[in-house]
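Tertiary structure, described
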Amino acid sequence: MMQESIAALTAEITTAELNNPAELDAFRISYLGRKGRLADLFDQLKTVPAEDKRAVGQQLNTLKQQAQARFDEAQQAAEAAADNAPANPDFDYSLPVVPNALGTRHPLSLVREEMLRIFGRIGFAVAEGPEIEDDWHNFTALNFPENHPARDMQDTFFVAPVSHAAGAANAGTTGEAATGAPALPHLLRTHTSTVQVRVMETEPLPIRRVMPGRVFRNEAISARAHMMFHQVEGIFIDEGVSFADLKQTVYYFVQELFGADINIRFRPSFFPFTEPSAEIDITCLICKGAGCNICKYSGWVEIGGCGMVDPAVLENAGIDPEKYSGYAWGMGIERIAMLKYQIKDLRLFTENDMRFLRQFEAL
Ligand code: DAH
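Residues numbered from 1 in each chain as written. Predicted model: local features only at pLDDT ≥ 70, side-chain atom pairs only at ≥ 80, totals over all residues. Heavy atoms only, no water.

Some details on the pairing of strand S8 (residues 274-283)
The element S8 is largely enclosed, with a buried count of eight among its ten residues. One ladder, built from seven bridges, connects strand S7 (residues 264-271) with S8; its direction is antiparallel. Residue pairing for S8: Arg265 is matched across the bridge by Asp281. Between S7 and S8, which pair antiparallel in sequence order, lie two residues. (Buried < 20%, exposed > 50% of the residue type's maximum accessible area, 1.4 Å probe, protein only. Helix = DSSP H or I, 4+ residues; strand = E, 2+ residues; numbered from the N terminus. Pairing = 2+ DSSP bridges.)

Structure, rendered in C-alpha coordinates:
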(Lines give C-alpha, C1' and ligand atoms only; values in the text may rest on other atoms or scores of the structure.)
Protein backbone atom coordinates (compact mmCIF):
# COMPACT_ATOMS: atom_id res chain seq x y z
CA MET A 1 0.00 0.00 0.00
CA MET A 2 2.63 2.45 1.15
CA GLN A 3 5.03 1.26 -1.57
CA GLU A 4 2.41 1.95 -4.22
CA SER A 5 1.77 5.45 -2.91
CA ILE A 6 5.49 6.17 -3.00
CA ALA A 7 5.82 4.89 -6.56
CA ALA A 8 2.82 6.95 -7.70
CA LEU A 9 4.12 10.10 -6.02
CA THR A 10 7.60 9.58 -7.51
CA ALA A 11 6.09 9.44 -10.98
CA GLU A 12 4.08 12.59 -10.34
CA ILE A 13 7.02 14.52 -8.95
CA THR A 14 9.31 13.66 -11.83
CA THR A 15 6.77 14.56 -14.52
CA ALA A 16 5.00 17.58 -12.98
CA GLU A 17 4.94 20.67 -15.17
CA LEU A 18 6.84 23.56 -13.57
CA ASN A 19 6.66 26.23 -16.25
CA ASN A 20 5.14 29.21 -14.49
CA PRO A 21 4.77 30.71 -11.03
CA ALA A 22 1.32 29.13 -10.55
CA GLU A 23 2.63 25.63 -11.28
CA LEU A 24 5.61 26.23 -9.04
CA ASP A 25 3.33 27.27 -6.22
CA ALA A 26 1.02 24.32 -6.68
CA PHE A 27 3.98 21.93 -6.66
CA ARG A 28 5.42 23.46 -3.51
CA ILE A 29 2.09 23.25 -1.67
CA SER A 30 1.14 19.74 -2.68
CA TYR A 31 4.55 18.06 -2.32
CA LEU A 32 6.69 20.15 -0.03
CA GLY A 33 4.18 21.89 2.22
CA ARG A 34 3.56 20.90 5.82
CA LYS A 35 0.09 19.64 4.81
CA GLY A 36 1.26 18.26 1.47
CA ARG A 37 1.13 14.71 0.20
CA LEU A 38 4.66 13.86 1.14
CA ALA A 39 3.96 15.00 4.69
CA ASP A 40 0.93 12.70 4.64
CA LEU A 41 3.08 9.72 3.74
CA PHE A 42 5.57 10.64 6.51
CA ASP A 43 2.58 10.60 8.89
CA GLN A 44 1.59 7.13 7.70
CA LEU A 45 5.07 5.83 8.47
CA LYS A 46 3.83 4.89 11.95
CA THR A 47 1.45 2.30 10.38
CA VAL A 48 4.29 0.52 8.56
CA PRO A 49 5.43 -2.78 10.20
CA ALA A 50 8.52 -2.26 12.32
CA GLU A 51 10.80 -4.36 10.09
CA ASP A 52 10.00 -2.21 7.00
CA LYS A 53 10.09 1.16 8.70
CA ARG A 54 13.72 1.81 7.99
CA ALA A 55 13.59 1.05 4.25
CA VAL A 56 10.33 2.94 3.69
CA GLY A 57 11.64 5.90 5.70
CA GLN A 58 14.68 6.03 3.47
CA GLN A 59 12.55 5.93 0.32
CA LEU A 60 10.44 8.78 1.62
CA ASN A 61 13.51 10.86 2.39
CA THR A 62 14.93 10.28 -1.07
CA LEU A 63 11.64 11.30 -2.59
CA LYS A 64 11.53 14.46 -0.50
CA GLN A 65 15.02 15.38 -1.65
CA GLN A 66 14.04 14.77 -5.28
CA ALA A 67 10.99 16.98 -4.93
CA GLN A 68 13.02 19.76 -3.32
CA ALA A 69 15.72 19.51 -6.01
CA ARG A 70 13.19 19.71 -8.84
CA PHE A 71 11.52 22.69 -7.22
CA ASP A 72 14.81 24.56 -6.60
CA GLU A 73 15.98 23.98 -10.14
CA ALA A 74 12.71 25.14 -11.68
CA GLN A 75 12.60 28.19 -9.43
CA GLN A 76 16.17 29.21 -10.35
CA ALA A 77 15.38 28.81 -14.02
CA ALA A 78 12.28 30.98 -13.58
CA GLU A 79 14.30 33.69 -11.78
CA ALA A 80 17.00 33.70 -14.46
CA ALA A 81 14.36 33.99 -17.17
CA ALA A 82 12.76 36.90 -15.30
CA ASP A 83 16.14 38.68 -15.07
CA ASN A 84 16.63 38.45 -18.81
CA ALA A 85 13.15 39.42 -19.79
CA PRO A 86 12.60 43.06 -20.77
CA ALA A 87 11.20 44.87 -17.74
CA ASN A 88 8.59 46.56 -19.85
CA PRO A 89 7.88 44.77 -23.13
CA ASP A 90 6.00 47.79 -24.49
CA PHE A 91 8.99 50.09 -24.12
CA ASP A 92 10.92 50.99 -27.29
CA TYR A 93 14.50 50.15 -26.41
CA SER A 94 15.81 51.72 -29.59
CA LEU A 95 14.85 55.26 -28.48
CA PRO A 96 17.86 57.61 -28.17
CA VAL A 97 19.00 58.36 -24.59
CA VAL A 98 17.96 61.53 -22.83
CA PRO A 99 21.32 63.28 -22.25
CA ASN A 100 22.11 63.40 -18.54
CA ALA A 101 24.53 66.22 -17.74
CA LEU A 102 27.32 64.92 -15.53
CA GLY A 103 29.69 67.36 -13.89
CA THR A 104 33.02 68.54 -15.24
CA ARG A 105 36.46 68.23 -13.70
CA HIS A 106 37.69 71.36 -11.95
CA PRO A 107 40.54 73.00 -13.90
CA LEU A 108 42.78 72.88 -10.82
CA SER A 109 42.23 69.12 -10.51
CA LEU A 110 42.95 68.66 -14.21
CA VAL A 111 46.22 70.57 -13.96
CA ARG A 112 47.27 68.96 -10.68
CA GLU A 113 46.75 65.49 -12.09
CA GLU A 114 48.54 66.34 -15.31
CA MET A 115 51.51 67.66 -13.29
CA LEU A 116 51.61 64.54 -11.12
CA ARG A 117 51.46 62.31 -14.19
CA ILE A 118 54.37 64.12 -15.84
CA PHE A 119 56.57 63.88 -12.74
CA GLY A 120 55.38 60.32 -12.16
CA ARG A 121 56.84 59.29 -15.50
CA ILE A 122 60.33 60.16 -14.25
CA GLY A 123 59.95 58.39 -10.94
CA PHE A 124 58.44 60.98 -8.59
CA ALA A 125 55.82 59.37 -6.32
CA VAL A 126 53.15 61.41 -4.55
CA ALA A 127 53.33 62.36 -0.85
CA GLU A 128 50.95 64.52 1.15
CA GLY A 129 51.03 66.31 4.47
CA PRO A 130 48.67 68.17 6.83
CA GLU A 131 47.26 71.64 6.10
CA ILE A 132 47.48 72.60 9.78
CA GLU A 133 51.17 72.60 10.59
CA ASP A 134 53.61 73.48 13.32
CA ASP A 135 56.30 76.13 13.20
CA TRP A 136 59.02 73.51 12.77
CA HIS A 137 57.78 72.08 9.47
CA ASN A 138 56.62 75.39 7.99
CA PHE A 139 59.55 77.58 9.07
CA THR A 140 62.25 76.43 11.48
CA ALA A 141 63.35 73.23 9.74
CA LEU A 142 63.34 75.15 6.45
CA ASN A 143 65.94 77.53 7.79
CA PHE A 144 63.74 80.59 8.27
CA PRO A 145 65.47 82.87 10.77
CA GLU A 146 63.42 83.60 13.86
CA ASN A 147 62.61 87.14 12.82
CA HIS A 148 61.99 86.37 9.11
CA PRO A 149 59.14 88.52 7.74
CA ALA A 150 57.35 85.44 6.32
CA ARG A 151 56.52 84.44 9.90
CA ASP A 152 54.74 87.74 10.35
CA MET A 153 51.09 87.75 11.39
CA GLN A 154 50.30 89.52 8.12
CA ASP A 155 51.24 86.51 5.99
CA THR A 156 50.47 83.52 8.16
CA PHE A 157 47.17 82.35 9.59
CA PHE A 158 47.93 81.10 13.07
CA VAL A 159 45.66 78.59 14.75
CA ALA A 160 44.63 79.44 18.29
CA PRO A 161 46.04 76.76 20.61
CA VAL A 162 43.52 74.53 22.36
CA SER A 163 44.91 74.10 25.85
CA HIS A 164 43.98 70.46 26.53
CA ALA A 165 45.19 69.33 23.07
CA ALA A 166 48.38 71.36 22.97
CA GLY A 167 50.59 68.71 24.54
CA ALA A 168 49.41 65.94 22.24
CA ALA A 169 49.55 68.12 19.13
CA ASN A 170 53.13 69.12 19.80
CA ALA A 171 54.40 65.64 20.52
CA GLY A 172 56.67 64.39 17.79
CA THR A 173 57.53 67.78 16.30
CA THR A 174 61.22 67.14 16.28
CA GLY A 175 62.40 70.70 16.62
CA GLU A 176 60.49 71.71 19.69
CA ALA A 177 61.04 68.43 21.44
CA ALA A 178 64.77 68.58 20.73
CA THR A 179 65.29 72.17 21.83
CA GLY A 180 62.73 72.23 24.63
CA ALA A 181 61.63 75.66 23.34
CA PRO A 182 58.20 76.94 24.38
CA ALA A 183 55.36 75.67 22.18
CA LEU A 184 54.77 77.92 19.17
CA PRO A 185 51.28 78.26 17.76
CA HIS A 186 50.09 75.98 15.00
CA LEU A 187 49.35 77.57 11.65
CA LEU A 188 47.83 76.97 8.23
CA ARG A 189 50.80 75.99 6.07
CA THR A 190 51.95 78.86 3.87
CA HIS A 191 53.62 76.52 1.36
CA THR A 192 53.92 72.81 0.57
CA SER A 193 57.63 72.86 1.50
CA THR A 194 56.39 71.52 4.87
CA VAL A 195 55.93 68.12 3.22
CA GLN A 196 59.58 68.13 2.03
CA VAL A 197 60.61 68.24 5.66
CA ARG A 198 58.18 65.48 6.57
CA VAL A 199 59.42 63.10 3.86
CA MET A 200 63.08 63.88 4.59
CA GLU A 201 62.48 63.16 8.29
CA THR A 202 60.72 59.86 7.73
CA GLU A 203 61.68 58.25 4.43
CA PRO A 204 64.72 56.22 3.43
CA LEU A 205 67.16 57.68 0.90
CA PRO A 206 67.18 58.30 -2.01
CA ILE A 207 64.01 60.42 -1.89
CA ARG A 208 62.07 61.35 -5.02
CA ARG A 209 58.66 62.83 -4.24
CA VAL A 210 56.01 65.21 -5.60
CA MET A 211 53.76 66.81 -3.03
CA PRO A 212 50.55 68.52 -4.12
CA GLY A 213 48.52 70.54 -1.65
CA ARG A 214 46.54 73.55 -0.56
CA VAL A 215 48.29 76.48 1.09
CA PHE A 216 47.09 79.61 2.89
CA ARG A 217 48.32 83.16 3.21
CA ASN A 218 46.74 86.14 4.84
CA GLU A 219 46.24 88.19 1.68
CA ALA A 220 43.41 90.30 0.32
CA ILE A 221 41.55 88.43 -2.44
CA SER A 222 41.94 89.96 -5.90
CA ALA A 223 42.32 88.87 -9.53
CA ARG A 224 45.99 88.10 -8.86
CA ALA A 225 46.09 86.99 -5.21
CA HIS A 226 44.09 84.72 -2.92
CA MET A 227 44.26 83.64 0.70
CA MET A 228 44.04 79.99 -0.41
CA PHE A 229 45.81 78.44 -3.38
CA HIS A 230 47.60 75.24 -4.45
CA GLN A 231 51.16 74.16 -5.04
CA VAL A 232 53.03 71.13 -6.29
CA GLU A 233 56.26 70.68 -4.40
CA GLY A 234 59.01 68.32 -5.51
CA ILE A 235 62.17 66.97 -3.95
CA PHE A 236 65.00 64.71 -5.02
CA ILE A 237 67.76 63.73 -2.58
CA ASP A 238 70.56 61.33 -3.41
CA GLU A 239 74.35 61.21 -3.64
CA GLY A 240 75.81 63.55 -6.24
CA VAL A 241 72.66 65.45 -7.27
CA SER A 242 73.50 68.72 -9.05
CA PHE A 243 71.84 71.90 -10.29
CA ALA A 244 72.12 70.46 -13.82
CA ASP A 245 69.76 67.64 -12.75
CA LEU A 246 67.32 70.22 -11.45
CA LYS A 247 67.37 72.19 -14.70
CA GLN A 248 66.83 69.08 -16.76
CA THR A 249 63.83 68.06 -14.65
CA VAL A 250 62.29 71.53 -15.06
CA TYR A 251 62.94 71.55 -18.84
CA TYR A 252 61.34 68.14 -19.13
CA PHE A 253 58.30 69.14 -17.08
CA VAL A 254 57.61 72.44 -18.86
CA GLN A 255 58.00 70.89 -22.31
CA GLU A 256 55.73 67.97 -21.44
CA LEU A 257 53.08 70.36 -20.15
CA PHE A 258 53.26 73.21 -22.65
CA GLY A 259 55.10 71.82 -25.69
CA ALA A 260 58.66 71.85 -27.00
CA ASP A 261 58.75 75.42 -28.30
CA ILE A 262 58.29 77.09 -24.93
CA ASN A 263 61.16 79.17 -23.54
CA ILE A 264 62.36 78.64 -19.97
CA ARG A 265 64.67 80.79 -17.89
CA PHE A 266 66.11 80.45 -14.40
CA ARG A 267 66.29 83.77 -12.57
CA PRO A 268 68.61 83.90 -9.53
CA SER A 269 66.55 84.33 -6.37
CA PHE A 270 66.56 83.64 -2.66
CA PHE A 271 64.76 81.16 -0.44
CA PRO A 272 65.95 80.35 3.09
CA PHE A 273 65.77 76.61 2.34
CA THR A 274 67.72 76.46 -0.94
CA GLU A 275 71.20 77.56 -1.98
CA PRO A 276 71.56 78.50 -4.77
CA SER A 277 67.92 79.40 -5.48
CA ALA A 278 66.15 80.35 -8.67
CA GLU A 279 62.77 81.36 -9.93
CA ILE A 280 61.44 79.53 -12.98
CA ASP A 281 60.03 81.75 -15.74
CA ILE A 282 58.42 80.58 -18.97
CA THR A 283 57.19 82.41 -22.05
CA CYS A 284 53.91 84.16 -21.28
CA LEU A 285 51.31 82.04 -23.00
CA ILE A 286 48.67 84.74 -22.89
CA CYS A 287 50.61 87.07 -25.23
CA LYS A 288 53.17 84.53 -26.55
CA GLY A 289 55.95 86.73 -25.23
CA ALA A 290 54.79 89.96 -26.87
CA GLY A 291 53.93 91.60 -23.55
CA CYS A 292 50.57 91.92 -21.77
CA ASN A 293 49.18 92.87 -18.36
CA ILE A 294 49.46 89.29 -17.06
CA CYS A 295 53.25 89.23 -17.61
CA LYS A 296 53.50 92.93 -16.78
CA TYR A 297 54.75 93.51 -20.35
CA SER A 298 57.91 91.42 -19.82
CA GLY A 299 56.90 88.45 -22.00
CA TRP A 300 57.80 86.09 -19.11
CA VAL A 301 55.74 84.61 -16.28
CA GLU A 302 56.99 82.94 -13.13
CA ILE A 303 55.64 79.46 -12.45
CA GLY A 304 57.58 78.59 -9.30
CA GLY A 305 60.73 78.59 -7.25
CA CYS A 306 63.48 76.01 -7.00
CA GLY A 307 67.02 75.39 -5.83
CA MET A 308 69.52 73.06 -4.24
CA VAL A 309 68.33 72.02 -0.77
CA ASP A 310 70.34 74.01 1.77
CA PRO A 311 72.73 71.76 3.75
CA ALA A 312 71.26 73.19 6.97
CA VAL A 313 67.81 71.90 5.91
CA LEU A 314 69.22 68.42 5.20
CA GLU A 315 70.81 68.44 8.62
CA ASN A 316 67.58 69.59 10.32
CA ALA A 317 65.87 66.55 8.80
CA GLY A 318 68.62 64.20 9.91
CA ILE A 319 70.32 63.75 6.50
CA ASP A 320 74.11 63.96 6.21
CA PRO A 321 74.88 66.96 3.92
CA GLU A 322 78.45 65.69 3.41
CA LYS A 323 77.11 62.60 1.70
CA TYR A 324 73.81 63.71 0.15
CA SER A 325 72.60 66.62 -1.91
CA GLY A 326 69.32 67.36 -3.60
CA TYR A 327 67.08 69.79 -5.37
CA ALA A 328 63.56 70.97 -4.69
CA TRP A 329 60.90 73.10 -6.28
CA GLY A 330 57.50 74.55 -5.55
CA MET A 331 55.10 75.52 -8.34
CA GLY A 332 51.71 77.22 -8.19
CA ILE A 333 48.88 75.18 -9.70
CA GLU A 334 46.63 78.24 -10.21
CA ARG A 335 49.33 80.06 -12.13
CA ILE A 336 49.89 77.13 -14.45
CA ALA A 337 46.14 76.60 -14.95
CA MET A 338 45.75 80.31 -15.79
CA LEU A 339 48.40 80.02 -18.47
CA LYS A 340 47.10 76.76 -19.84
CA TYR A 341 43.47 77.86 -20.08
CA GLN A 342 43.99 81.61 -20.50
CA ILE A 343 42.19 82.41 -17.26
CA LYS A 344 42.75 86.01 -16.20
CA ASP A 345 41.16 86.13 -12.74
CA LEU A 346 42.13 83.85 -9.82
CA ARG A 347 38.76 84.29 -8.17
CA LEU A 348 37.08 82.22 -10.90
CA PHE A 349 38.63 79.06 -9.40
CA THR A 350 36.65 79.37 -6.17
CA GLU A 351 33.43 81.09 -7.19
CA ASN A 352 31.77 77.90 -8.54
CA ASP A 353 30.18 79.74 -11.44
CA MET A 354 28.71 77.00 -13.63
CA ARG A 355 29.34 79.02 -16.80
CA PHE A 356 33.06 78.84 -15.96
CA LEU A 357 33.20 75.27 -14.64
CA ARG A 358 31.24 73.75 -17.51
CA GLN A 359 33.93 74.72 -19.98
CA PHE A 360 36.29 72.02 -18.67
CA GLU A 361 36.64 68.33 -19.38
CA ALA A 362 33.44 66.42 -18.69
CA LEU A 363 33.48 63.53 -16.25
N1 DAH B 1 57.98 77.40 -0.91
C2 DAH B 1 58.21 78.42 -1.92
C3 DAH B 1 57.02 79.34 -1.98
O4 DAH B 1 55.97 79.00 -1.54
C5 DAH B 1 58.43 77.80 -3.28
C6 DAH B 1 59.69 77.00 -3.36
C7 DAH B 1 60.87 77.58 -3.73
C8 DAH B 1 59.68 75.67 -3.03
C9 DAH B 1 62.05 76.87 -3.81
C10 DAH B 1 60.87 74.93 -3.11
C11 DAH B 1 62.03 75.54 -3.50
O12 DAH B 1 60.92 73.64 -2.83
O13 DAH B 1 63.18 74.82 -3.59
O14 DAH B 1 57.13 80.41 -2.50
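Here's the deal with helix H4 (residues 50-84)
An α-helical turn contains 3.6 residues, so any two residues separated by three or four positions project in the same direction. The end-to-end C-alpha distance of H4, which contains 35 residues, comes to 52 Å, matching closely the 51 Å that a straight helix rising 1.5 Å per residue would cover. Along H4, the residues classified as buried are Val56, Gly57, Leu60, Leu63, Ala67, Phe71 and Ala74. Turning to H4, the residues buried within the fold contact helix H1 (2-15), helix H2 (21-32) and helix H3 (37-44). (Expected span 1.5 Å × (residues − 1). Contact = heavy atoms within 4.5 Å.)

Describing the sheet that holds strand S6 (residues 228-238)
Strand order in the open sheet formed by seven strands is S1-S5-S6-S10-S9-S8-S7, and the pairing between neighbours is mixed. With one partner strand each, in any of the chains shown, strand S1 (125-126) and S7 form the two edges of the open sheet.

A short note on the site of the ligand
Inspection of the region around the ligand gives 15 residues, with His191, Ser193, Gln196, Arg217 and Glu233 positioned closest. Contacts to the ligand include Gln196, whose side-chain N or O atom sits 2.8 Å from an oxygen atom. Summarising the interface, the protein chains cover 90% of the accessible area of the ligand, which totals 350 Å² for the free molecule. Residue assignment for the shell around the ligand shows that the elements contributing at least two residues are helix H9 (193-202), S6, strand S9 (300-309) and strand S10 (325-332). Residues belonging to the shell around the ligand are distributed by class as follows: five nonpolar, eight polar and two charged. (Near = heavy atom within 4 Å. Polar contact = N/O pair within 3.5 Å; in protein donor to acceptor, adjacent residues only side chain to side chain. Areas by Shrake-Rupley, 256 points an atom, 1.4 Å probe, with all protein chains shown as cover. Nonpolar A, V, L, I, M, F, W, Y, C, P; charged D, E, K, R; others polar.)

Quick look at the nonpolar core
Phe253, Val254, Phe258, Ile282, Met331 and Ile336 are the most contacted members of the largest nonpolar core, which totals 48 residues. In terms of residue count, the dominant contributor to this core is helix H5 (residues 107-120) (seven residues). Residues Phe139, Val197, Met211 and Val313 belong to the second largest nonpolar core, which totals 23 residues. (Core = buried A, V, L, I, M, F, W, Y, C linked by side-chain atoms within 4.5 Å.)

Remarks on the pattern of salt bridges
For the structure on display, the rule yields 15 salt bridges. The closest approach of N and O atoms between Arg28 and Asp25, which form a salt bridge, is 3.1 Å. Of this pair, Arg28 and Asp25 both sit in helix H2, three residues apart, roughly one helical turn. Accessibility expressed as a relative area gives 38% for Asp25, which makes it partly exposed. Put simply, Asp281 and Arg265 hold a salt bridge, and the shortest N to O gap is 3.0 Å. Highlighted residues: Asp281 in strand S8 and Arg265 in strand S7, separated in sequence by 16 residues. (Salt bridge = Lys/Arg side-chain N within 4 Å of Asp/Glu carboxyl O.)

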